[in-house]
Amino acid sequence: MSAVHQIDIHHVATLARLALTEEEAVRYGAQLDGILTYIDTLTRYDLGDVELTAHAMPVEDVLRPDEARPGFTQEEALANAPKRFADQIQIPKVIE
Amino acid sequence: MLASSSITSLRQRLTAGEITARDIVLDLAKMAEFRNAELGAYLSWDVESALAEADKADLSLPLGGIPIGIKDNINVAGQPCTCGSKILSENYRSPYDAGAIQRLRAGGAIPFGRLNMDEFAMGSSTENSALGITRNPRDLERVPGGSSGGSAAAVAGDMAVAALGSDTGGSIRQPAALCGCVGFKPTYGRVSRYGLVAFASSLDQIGPITKTVGDAALLLNHLCGHDSRDSTSLKVDAPDFTASLGQGIEGLRIGLPKEYNISGIHSGVAARTKAAIAQLESLGAILEEISLPHTDLGVATYYVLAPAEASANLARFDGVRYGHRSAAAADLMEHYRLSREEGFGPEVKRRILLGTYVLSSGYYDAYYIRAQKARTLIRNDFAEAFKKVDVIVSPTSPTPAHKLGELTDNPLAAYLEDVFTIPVNLAGLPGISVPCGNVDVDGKQLPVGLQIVGRALDESTVLRVAHAFETAQG
């Protein structure tokens, strides 16, 4: 747990799928604490009734026509896979 | 030397038959061979493929035969796209062209070389690249800025005629300022993000880094336009941006934000900015003090929203479909955790952790929602200001280039360097950095950039002011 913000860095690292070393956990925990202390600037203003902005320009749901278009061939889609087997992507076993 | 020329002058010589596109590519290759060991701007370049394209270039097109350097987070079919990261450096080859690359090609341009950057565009110095150091051509002991540091160093160091960068919180404008070239971030949605490796999707925008304002206008003509493959791409027509050049700025209203007189500003930068503003006034512009009252929220807002979006975007690097895969993992969870741990560098991990934290249960409202509200205030500040003025002018960066390694151990100090550029991304506005002279630091002449920001979709007025200023500077 870090000083001011009580960050459980191991929990956050698990959510982020990062296998931090103990040295990294200590360092990033302290740095995040410092950055979040700065981010607490945001509490200086009462933001209660302010609307949210997710995008600066107006964005709405966009639907494209449902029509067939050319895509990757199987070989193109697999070309960058770090591990392949029998024209498929190979991953560690997930079921016993 | 062709590599030191502007696009405009090269085009004149190409159409006059004095030079060929092949001559330009060969000159760039020679410069890259000669200078890249020292400057580290390029991560790679492929002379043969560029020559093949040069030999069939259609010189009747507006960018016909012009090689453009590409930041290494924009996909070009068949080429590497490392994003300055170990996780993509082993064997990734782009399977397709980004929308911006297709547009450049349609204008006749030739993508040439892959330019170094802070890993996944996270940083302001290019020191966060996992693949090598880039140095500032003006002083090799100093950083080129970032994250598009390779793009700016290549253009300023005459290893590229012009280059593409991407700008999420200042990553085109700030390195352009620190290296002494022109950098333009268009309005959010103007340029397709299809094929740009996503960092913070609501802020990212591709734009040009060039030697002149005229070249930036010319490239914008070929970058802007709707792309159905990017759902935030705007369905608006782009004007001919070069038409705004040479019009003068008589009677134009220029806003000077009073909140930008911050204590951390370098005295030399303040002096150059003041002189630039006086020059704009002498050209007939009307100066007006304005207020952007929520300026102090900009950096904090950005460092919630950008890491939050990044933590989601970078979830795709799972070691399954592309990128680094750990050899040590026994099960799937370990496969994810080790592949990412081994593949990502320190700044990327820091931001993924920060983003994951602010989006996690119990903190979402306190940070993410609060930052989205603060973003509204910042956006409203600009909307109010633009009722009174046509453009807003400030330094691009509060300081000139710092020395390599100076801020490595202090991420927060590095974040605060982006104070003038970040609000522009949060509000989605167009902004340019143009050179406005040098400051003497330890006997070296370091460039200073002037930032000019305009209304959404009003790139033309930004270019008009920048061009008038550039012309007056001589």
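Residues numbered from 1 in each chain as written. Chains lettered and ligands numbered in written order. Predicted model: local features only at pLDDT ≥ 70, side-chain atom pairs only at ≥ 80, totals over all residues. Heavy atoms only, no water.

**A word on the overall build of chain B**
Convention followed: Here a helix means four or more residues in a row that DSSP labels H or I, a strand means two or more in a row labelled E, and each is numbered from the N terminus. The size measure is the radius of gyration over C-alpha atoms, and the globule rule it meets is 2.2 Å times the number of residues to the 0.38 power. Burial classification: accessible surface area is computed with a 1.4 Å probe over protein chains only, and a residue below 20% of its type maximum counts as buried, one above 50% as exposed, and the rest as partly exposed. Any pair of residues with heavy atoms lying within 4.5 Å of one another is described as a contacting pair. Note that accessible areas follow from Shrake-Rupley with a 1.4 Å probe, and for residues the cover is restricted to the protein chains shown. Only four residue types enter the tally: Lys and Arg on the positive side, Asp and Glu on the negative side; His and the chain ends are excluded. For the purpose of locating charges, the reference atoms are NZ of Lys, CZ of Arg, CG of Asp and CD of Glu.
The number of helices and strands found in chain B is 15 helices and 11 strands. Computed over its C-alpha atoms, the radius of gyration of chain B comes to 21 Å, within 12% of the 23 Å expected for a compact globule of 474 residues. The burial tally for chain B puts 64% of its 474 residues in the buried class. Restricting the contact set of chain B to residue pairs at least 6 apart, pairs at least 24 apart contribute 76%. For chain B, the exposed area adds up to about 15,000 Å²; of that, 50% sits on carbon and sulfur atoms. For chain B, the distance from the average position of its 44 positive side-chain charges to the average position of its 52 negative side-chain charges is 3 Å.

**A few points about the layout of surface pockets**
All names here are of chain B. Which entries qualify depends on this criterion: Both site types are read off a 1 Å grid over the protein atoms alone. A 1.4 Å probe that fits but cannot get out defines a cavity, while an open set with protein on both sides within 12 Å along at least five of seven lines defines a pocket; lining residues have an atom within 4 Å of a point. Grid points are joined across faces, edges and corners, and a volume is the space filled by probe spheres set on the points. Any residue outside Ala, Val, Leu, Ile, Met, Phe, Trp, Tyr, Cys, Pro, Asp, Glu, Lys and Arg is labelled polar, Gly included; the first ten of those are nonpolar and the last four are charged.
The computed volume of the largest pocket comes to approximately 680 Å³. Along its surface, the largest pocket is lined by 24 residues, and N75, Y96, G195, R316 and Y322 are the ones closest to its centre. Residue composition of the lining of the largest pocket, grouped by class: 13 nonpolar, five polar and six charged.

**Digging into empty space enclosed by the protein**
Residues and elements named next belong to chain B. This structure, assessed with the given rule, holds four cavities of 30 Å³ or more. In this structure, the largest cavity encloses a volume near 70 Å³. What lines the largest cavity is a set of 13 residues, among which G123, S124, S171, Y302 and D418 lie closest to the centre. In the lining of the largest cavity, the residues fall into four nonpolar, seven polar and two charged.

**Some details on the side chain of D72 of chain B**
Summarising the element assignment, D72 of chain B is placed in the loop between strand 2 (67-71) and helix 4 (99-106). With residues near it in sequence (within four places) discarded, D72 of chain B still touches L43, P80, C81, T82, C83, R114, L115 and M117 of chain B.

**Details of a nonpolar patch on the surface**
All names here are of chain A. Note the following rule: A patch consists of residues whose relative accessible area exceeds 30% and which take part in no salt bridge; residues with like charges are grouped when within 9 Å of each other, and nonpolar side chains (Val, Leu, Ile, Met, Phe, Trp, Tyr) when within 5 Å. Criterion for a salt bridge: a side-chain nitrogen of Lys or Arg within 4 Å of a carboxyl oxygen of Asp or Glu.
A cluster of nonpolar side chains, namely I89, I91, V94 and I95, defines an oily patch on the protein surface of about 350 Å² accessible area. Note on placement: V94 falls in the segment after strand 2 (88-89). For V94, a relative accessible area of 54% gives the class exposed.

**Digging into helix 4 of chain B**
Of all the residues in helix 4 of chain B, the buried ones are G99, A100, I101 and L104 of chain B. Within two residues after helix 4 of chain B, G108 of chain B carries a phi angle of roughly 105 degrees, on the positive side.

**Considerations on the pairing of strand 10 (residues 431-441) of chain B**
All names here are of chain B. Cut-off, in case you're wondering: One requirement defines pairing of two strands: DSSP has to find at least two bridges between them.
Sheet analysis places strand 5 (residues 182-185) next to strand 10, joined by three bridges and oriented antiparallel. Paired with G183 across the two strands is S433, which belongs to strand 10. Pairing of strand 10 with strand 11 (residues 444-454), which is carried by nine bridges, proceeds in the antiparallel orientation. Its bridge partner lying in strand 11, V434 is registered against L450. Where strand 10 folds back on strand 11, the antiparallel hairpin that results is connected by two residues, among which D442 adopts a positive phi of roughly 50 degrees.

Shape descriptors only; they carry no functional weight alone.
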